[in-house]
Amino acid sequence: MKTREAPVSVTNACKLCSPLGAVLAFKGIEGAVCILHGSQGCATYIRRYMISHYKEPLDVASSSFSEDAAVFGGAASLMQGLDNLIKQYRPAVIGIATTCLSETIGDDVGRILQDYVKNRGAAKLPALINVSTPAYKGTHADGFLAAAKSAVEALAEKSEKENTLNLFPGMVSPEDIRHLKELLADFGIEYTLFPDYSETMDAGQWGGYKLIPPGGTPVKSLKNTANAALTIEFGISAQNGDSPGKFLEEKFGVKNVNMPLPIGVKATDNFIEKLEEISGATVPDKYLFERGRLIDSYVDAHKYVFGVKAAVFGDEDMVAAMAVFLDEIGMVPSICASGAPAGKLEKYLRSAITDFDGKGITVLEDADFEIIEGAVEKTSPAVMIGSSKGYKISRKLDIPLIRCAFPVHDRIGGARIALAGYTGTQKIFDSIVNSLLEARQDASPVGFSYM
Amino acid sequence: MENLKILEDRKGQVFEKGKDKFDLLCGVKSASGAVSQRACVFCGSRVVLYPITDALHLVHGPIGCAAYTWDIRGSLSSGPSVNRMSFSTDLRELDVVYGGADKLYKAASSLIDKHSPKAAFIYSTCIVGLIGDDVESVCRKLTLEKGIPVIHVDSEGFKGTKKDGYRAACEALAKLVGTGDISGVVPVSINILGEFNLAGEAWIIRDYYRRMGVNVNAVITGDARVEDIKRAHGAALNVVQCSGSMTYLAKIMEEKYKIPYIRVSYFGLEDMTSALYDVAAFFKDSPEILERAKTVVKGEVDAIMGELLKYRNELRGKKAALYVGGAFKAFSLIKALRVIGMDVVLAGSQTGNKEDYEDLKKISDEGTIIIDDANPQELSRFITEKKADILIGGVKERPIAYKIGIGFCDHNHERKTALAGYEGMLNFAREVYSSVMSPVWKFVPRNDAFGGKRGRP
């Protein structure tokens with residue numbers, strides 16, 4: 001593999017900064033609010049970006065750095081921020097994420113919090129979870145993972161071993177989280193799914209404003225993660241380096257298994273088999289029927305997708321799983337691109353896709369949308385699959401875009417994207433096939449109304 | 001709604017007409033830990049300069065600031081669109097340790113070569129000064145080498161509020177103004193400052209002035225070209241629409257080029273009309289301009305009045321809450337809402353100044369809440385208490401309104417519908433009408449005949 005030098009500039013980034021990921025992870029803890037230790041803008045930009053995807057309110061506080069804070073340190077700002085946040089929100093948990101600013105001036109947030117706790121008295125305070133998320137290191141996916149790990153690290157407590165499962169699915173949609181919870185419940189498995197923002201980032205009507213939306217993984221369950229029988233983590237981003245699952249394995253001896261996001265029959269089968277193994281139960285019929293219908297639709301549509309090229313772009317966990325699913329149905333993931341730092345995606349895809357070199361797959365790591373556009377122009381895929389940020393290329397090159405990943409800023413339903421399990425796969429499969437059929441129909445000189 | 005108290009640090013920034021007597025506190029930094037709807041210095045600069053279509057806008061810093069502002073505004077261009085791309089130096093850990101100036105130089109140099117912009121703006125973000133990058137000297141070097149103005153926008157996020165970002169943008173613009181050839185500029189010429197051509201609004205306004213016989217020399221920065229800005233000192237008058245962001249540039253131009261300025265608003269019938277008549281009054285030596293202005297106004301008002309009255313009949317007595325960037329806009333919107341029969345029960349802004357708020361107090365009805373730098377908690381509390389039917393604000397406010405179960409109208413810089421001018425007034429009325437009158441509100445818990453018992457609230 002050719003190694004590319006880190007580019008001197010990025011044009012239309014295919015990644016976001018790490019504090020954004022931390023905010024999302026903290027939204028998955030029950031009773032939590034989040035404060036970013038940095039400029040006011042970080043909190044506001046991140047809120048705006050996420051609100052436009054989830055279409056939900058999202059309160060993120062800021063320690064609102066001033067010039068004085070930048071010179072003398074942000075301790076006083078942060079402490080005042082925590083005081084105000086506690087007064088207004090009365091949270092059970094406060095997630096504190098740093099930014100490039102507080103990291104660059106060298107604020108030691110762990111130390112500041114120790115002083116704060118000493119000063120205010122631990123008994124009166126919510127649980128404080130801090131994570132280091134300098135924007136110049138990694139992407140939002142790294143920030144998400146780091147915050148999830150920090151939460152587990154701060155809260156997990158050894159007590160009696162229980163026959164429970166930890167499921168850490170990564171940055172999946174609220175809809176996928178709901179599906180995974182249903183699946184675990186149907187198997188009768190006692191579990192802790194974290195971070196669970198399925199309600200906090202996709203709630204019904206409230207009738208009044210709720211400062212802290214209901215939902216999220218309870219602190220009690222996070223404490224219990226230390227006592228689980230097994231952890232399953234989804235996604236290649238958790239494979240090397242720090243992850244909550246690895247932490248629990250090292251510190252508390254909870255076995256950790258990494259699996260790809262369950263998109264496609266094979267990946268979902270693997271996950272379901274694992275659940276059968278843990279629970280000792282056989283898969284409920286409901287899922288066999290879902291699986292049956294999915295395979296039936298694979299057959300119905302096999303000719304329309306065979307050999308058809310797709311460009312997949314976005315977070316590497318999604319790209320990795322999507323590419324393998326496309327390969328499963330006979331499509332060619334001819335471009336697999338992510339803004340994540342180089343090192344994992346191509347390595348994984350080579351191991352997961354047979355005859356990788358023969359299939360004409362280009363993997364772009366540390367990529368921006370300019371690089372992706374160049375590759376799309378060169379290989380002319382029939383469809384693009386990823387976030388709404390692919391729209392510019394899609395419009396310019398007249399290639400249909402399937403919006404199925406964060407962020408979706410130009411449509412509704414971002415929180416209801418379904419990819420996981422047989423039903424999630426069914427939805428994305430139908431979308432892909434129908435968009436190919438639509439393109440074919442549109443391209444027909446006479447039009448047709450039967451296939 | 002949990003009825004929580006206003007934070008001690010924020011008490012001076014919330015005012016109820018008829019009840020409170022103090023001067024509203026404004027222009028202060030957001031309280032730490034309060035969930036402000038404001039952004040930062042960088043944001044202020046970026047939104048103001050963003051619509052300059054043939055300039056390269058390079059954000060020097062880690063990736064976030066550029067990523068969050070990619071194609072963010074609804075500003076339209078009649079030509080180039082390099083401004084809609086997001087360029088970042090994507091500073092990484094080693095850059096932070098060893099400095100990013102070399103990377104900046106290489107990045108800017110190659111991007112300028114690739115996109116051939118007419119100018120380049122280099123935005124400093126939070127950490128640039130801290131890691132010791134001398135952006136000014138990189139800009140000087142590139143200006144010489146590339147033969148285009150390469151301008152440093154000193155917009156480090158923490159060094160003040162969004163207003164300071166507006167100021168930094170004005171300073172950057174002031175470096176361009178005065179460097180172009182003005183020999184061809186006709187005497188009856190104005191510049192429009194603080195009009196960003198959202199959904200083509202600058203084109204609508206330009207057309208009114210054209211029909212009056214007034215030449216619009218430069219719109220700063222809606223659909224702007226670098227060349228227009230360079231020649232801006234050729235105009236006889238600066239007409240300032242978004243006063244919060246652009247008064248500073250108007251003052252610089254007044255001092256340096258003796259160009260007077262007036263403050264206008266293009267929102268609502270009354271203020272739009274004044275904006276035309278005030279310009280006509282300035283050119284009093286050409287009385288035909290006023291005559292033509294009257295014709296323009298009459299034609300435009302006649303064209304929309306019938307439909308507006310229809311909305312007024314339906315909307316009479318409905319209540320609106322406003323939360324906008326600058327208080328001057330709130331002023332226009334209150335008048336515009338009155339035209340369609342609505343009462344304003346809350347008026348707030350992110351960055352209003354003292355005079356703005358005094359004016360707001362005067363024009364508001366008894367009981368109206370006036371608020372500076374509100375947070376979601378305060379907004380939702382007063383919206384609920386005052387029983388507003390619609391919130392008029394920006395994207396960050398939308399989910400607050402929707403979660404409470406009331407209507408919403410986007411009046412911020414992302415909007416895709418023109419709300420300025422006479423046709424903008426009609427669009428505004430239509431949008432407010434179609435949100436307030438939607439049948440979906442009967443299902444929300446607030447109005448649910450079953451008292452919300454059908455579903456867990």
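Residues numbered from 1 in each chain as written. Chains lettered and ligands numbered in written order. Predicted model: local features only at pLDDT ≥ 70, side-chain atom pairs only at ≥ 80, totals over all residues.

Visitor: Teacher, can you tell me more about the overall build of chain A here?
Guide: The helix and strand inventory of chain A stands at 17 helices and 14 strands. Principal-axis analysis of the C-alpha atoms gives chain A an extent of 75 × 55 × 50 Å. Relative to its full complement of 451 residues, chain A shows a buried share of 58%. Taking contacts inside chain A between residues at least 6 apart in sequence as the whole, the part at least 24 apart equals 73%. (Helix = DSSP H or I, 4+ residues; strand = E, 2+ residues; numbered from the N terminus. Buried ≥ 20, exposed ≤ 12 C-beta atoms within 10 Å, placed from the backbone. Contact = placed C-beta atoms within 7 Å.)

Visitor: Which parts of the structure should I look at to understand the overall build of chain B?
Guide: Helix and strand counts for chain B come out as 17 helices and 14 strands. Rg of the C-alpha trace for chain B: 23 Å, near the compact-globule value of 23 Å for 457 residues, within the 12% margin. Expressed along its principal axes, the backbone C-alpha trace of chain B runs to roughly 70 × 60 × 40 Å. Out of the 457 residues belonging to chain B, those deemed buried represent 59%. A fraction of 73% describes how many contacts in chain B between residues 6 or more apart in sequence connect residues 24 or more apart. (Rg over C-alpha atoms; globule rule 2.2 N^0.38 Å.)

Visitor: How should I be thinking about the domain arrangement of chain A in this particular structure?
Guide: The figure often quoted for interface size is the accessible area lost as the parts come together. Residues and elements named next belong to chain A. The domain boundaries assigned to chain A delineate domain 1 (18-155), domain 2 (165-202 + 212-279) and domain 3 (285-443). One C-alpha centre belongs to domain 1, the other to domain 2; they are set 24 Å apart. Tallying the contact residues gives 26 residues for domain 1 and 25 residues for domain 2. Of all the secondary structure elements, the ones that give two or more residues to the side of domain 1 that touches domain 2 are helix 1 (18-26), strand 2 (32-37) and helix 7 (140-155). Looking at which element gives the most residues to the side of domain 1 that touches domain 2, the answer is helix 7, with 10 residues. (Domains from an automatic or database assignment.)

Visitor: Just checking my understanding: could you explain the interface of chain B and chain A for this structure?
Guide: Taken together, the 66 residues of chain B in the interface contact 58 residues of chain A. Of all the secondary-structure elements, those providing two or more residues to the side of chain B that touches chain A are helix 1 (41-49), helix 2 (63-67), strand 3 (87-88), helix 3 (93-98), helix 4 (101-115), helix 5 (127-130), helix 15 (376-385) and helix 16 (398-404) of chain B. Ranked by residue count, the leading element in the side of chain B that touches chain A is helix 4 of chain B, at 5 residues. Taken together, the residues of the side of chain B that touches chain A break down into 35 nonpolar, 17 polar and 14 charged. With 2 bridges connecting them, strand 1 (residues 10-11) of chain A and strand 3 of chain B associate as antiparallel partners. Each bridged residue has a counterpart across the sheet, and for Val10 of chain A the counterpart in strand 3 of chain B is Ser88 of chain B. (Nonpolar A, V, L, I, M, F, W, Y, C, P; charged D, E, K, R; others polar. Pairing = 2+ DSSP bridges.)

Visitor: Teacher, can you tell me more about the packing of helix 7 (residues 162-176) of chain B against helix 10 (residues 243-257) of chain B here?
Guide: Working note: a packed helix pair is described by the angle between its axes plus the distance between those axes. Residue and element names in this part refer to chain B. Axis separation between helix 7 and helix 10 bottoms out at 8 Å; the angle between their running directions is 35 degrees. Remark: the crossing between helix 7 and helix 10 carries right-handed chirality. Residue-level contacts link Lys163, Tyr166, Arg167, Cys170, Leu173 and Ala174 of helix 7 to Gly244, Ser245, Met246, Tyr248, Leu249 and Ile252 of helix 10. For the contact of helix 7 with helix 10, the class distribution of residues is 8 nonpolar, 2 polar and 2 charged. (Axes fitted to C-alpha atoms, helices over the stretch in contact; angles between N-to-C directions. Left-handed = near helix turned anticlockwise from the far one by under 90°.)

Visitor: What am I meant to see in the pairing of strand 9 (residues 255-259) of chain A here?
Guide: In the case of a regular strand, side chains alternate between the two sheet surfaces. All names here are of chain A. Across 5 bridges, the pairing between strand 8 (residues 230-234) and strand 9 is parallel. Bridging across to strand 9, Leu230 finds its partner in Lys255. Since strand 8 and strand 9 lie parallel, the crossover through helix 10 (residues 244-252) that links them has a hand, and here it is right-handed. (Right-handed = clockwise from strand over helix to strand, strands pointing away.)

Visitor: Can you help me understand the sheet that holds strand 4 (residues 93-98) of chain A in this one?
Guide: Strand-to-strand pairing in sheets goes through backbone hydrogen bonds, with the strands running parallel or antiparallel. Residue and element names in this part refer to chain A. Reading across from one edge, 3-2-4-5 is the order of the 4 strands in this open sheet, with parallel pairing throughout. If you trace the sheet from one side to the other, it starts and ends with strand 3 (60-62) and strand 5 (127-131), each paired once. The mean angle between the axes of side-by-side strands here comes to 25 degrees, regardless of whether they run parallel or antiparallel. The pairing of strand 4 with strand 5 spans 5 bridges and is parallel. In the strand pairing of strand 5, Ala97 is matched with Val131. The strands touched by helix 1 within the sheet are strand 2, strand 3, strand 4 and strand 5, with strand 4 carrying the most contacts at an inclination of about 170 degrees. Where helix 2 (residues 40-54) meets the sheet, it contacts strand 2 and strand 3, and its direction lies at approximately 165 degrees from that of strand 3.

Visitor: What exactly am I supposed to notice about the packing of helix 13 (residues 327-339) of chain B against helix 14 (residues 354-363) of chain B here?
Guide: Residue and element names in this part refer to chain B. Interaxial distance between helix 13 and helix 14 falls to 9 Å at its minimum, and their mutual angle equals 20 degrees. By the angle between their directions, the pair helix 13 and helix 14 is classed as roughly parallel. Considering how the two elements wind past one another, helix 13 and helix 14 form a crossing that is left-handed. From helix 13, Ala327, Phe328, Ala330, Phe331 and Ile334 reach across to helix 14, where they touch Asp356, Tyr357, Asp359, Leu360 and Ile363. Tallied by class, the residues present in the contact of helix 13 with helix 14 amount to 8 nonpolar, no polar and 2 charged. (Parallel < 35°, antiparallel > 145°, perpendicular 65-115°, else oblique.)

Visitor: Which parts of the structure should I look at to understand the environment of Ala310 of chain A?
Guide: Following the sequence through the fold, Ala310 of chain A ends up in strand 10 (residues 309-313). On a C-alpha basis, the gap between Ala310 of chain A and Cys336 of chain A in space is 8.7 Å, while along the polypeptide they are 26 residues apart.

Visitor: Quick question: what am I supposed to make of the domain arrangement of chain B here?
Guide: Residues and elements named next belong to chain B. If you check the domain split of chain B, you get domain 1 (41-176), domain 2 (189-296) and domain 3 (316-416). Look at where the C-alpha atoms of domain 1 and domain 3 centre, and you get two points 33 Å apart. At the interface, 7 residues of domain 1 touch 6 residues of domain 3. Here the side of domain 1 that touches domain 3 is composed, by residue class, of 2 nonpolar, 2 polar and 3 charged.

Visitor: Can you help me understand the confidence of the model for chain B in this one?
Guide: Summing up the model confidence of chain B, the mean pLDDT is 93 and the portion of residues at 70 or higher is 97%. Reported confidence for the predicted complex is 0.95 by ipTM and 0.96 by pTM. (pLDDT = per-residue confidence, 0-100.)

Visitor: Even after reading the chapter, I still don't get the nonpolar core, so can you show me in this structure?
Guide: What tends to happen in soluble globular proteins is that the nonpolar side chains get buried as a cluster. Judged by nonpolar contacts, the single largest core of 309 residues is most densely connected at Ile372 of chain A together with Ala108, Ile122 and Leu322 of chain B. With residues near it in sequence (within four places) discarded, Ile122 of chain B still touches Leu58, His60, Leu104, Ala108, Val135, Cys139, Val150, His152 and Val153 of chain B. (Core = buried A, V, L, I, M, F, W, Y, C linked by C-beta atoms within 7 Å.)

Visitor: Where do I start with the environment of Ala401 of chain B in this structure?
Guide: Residue and element names in this part refer to chain B. When you line up the elements, Ala401 lands in helix 16. Distance in space between the C-alpha atoms of Ala401 and Ile390 is 7.4 Å, their sequence separation being 11 residues. The contact partners of Ala401, leaving out residues within four places of it in the chain, are Leu391, Ile406, Gly407 and Phe408.

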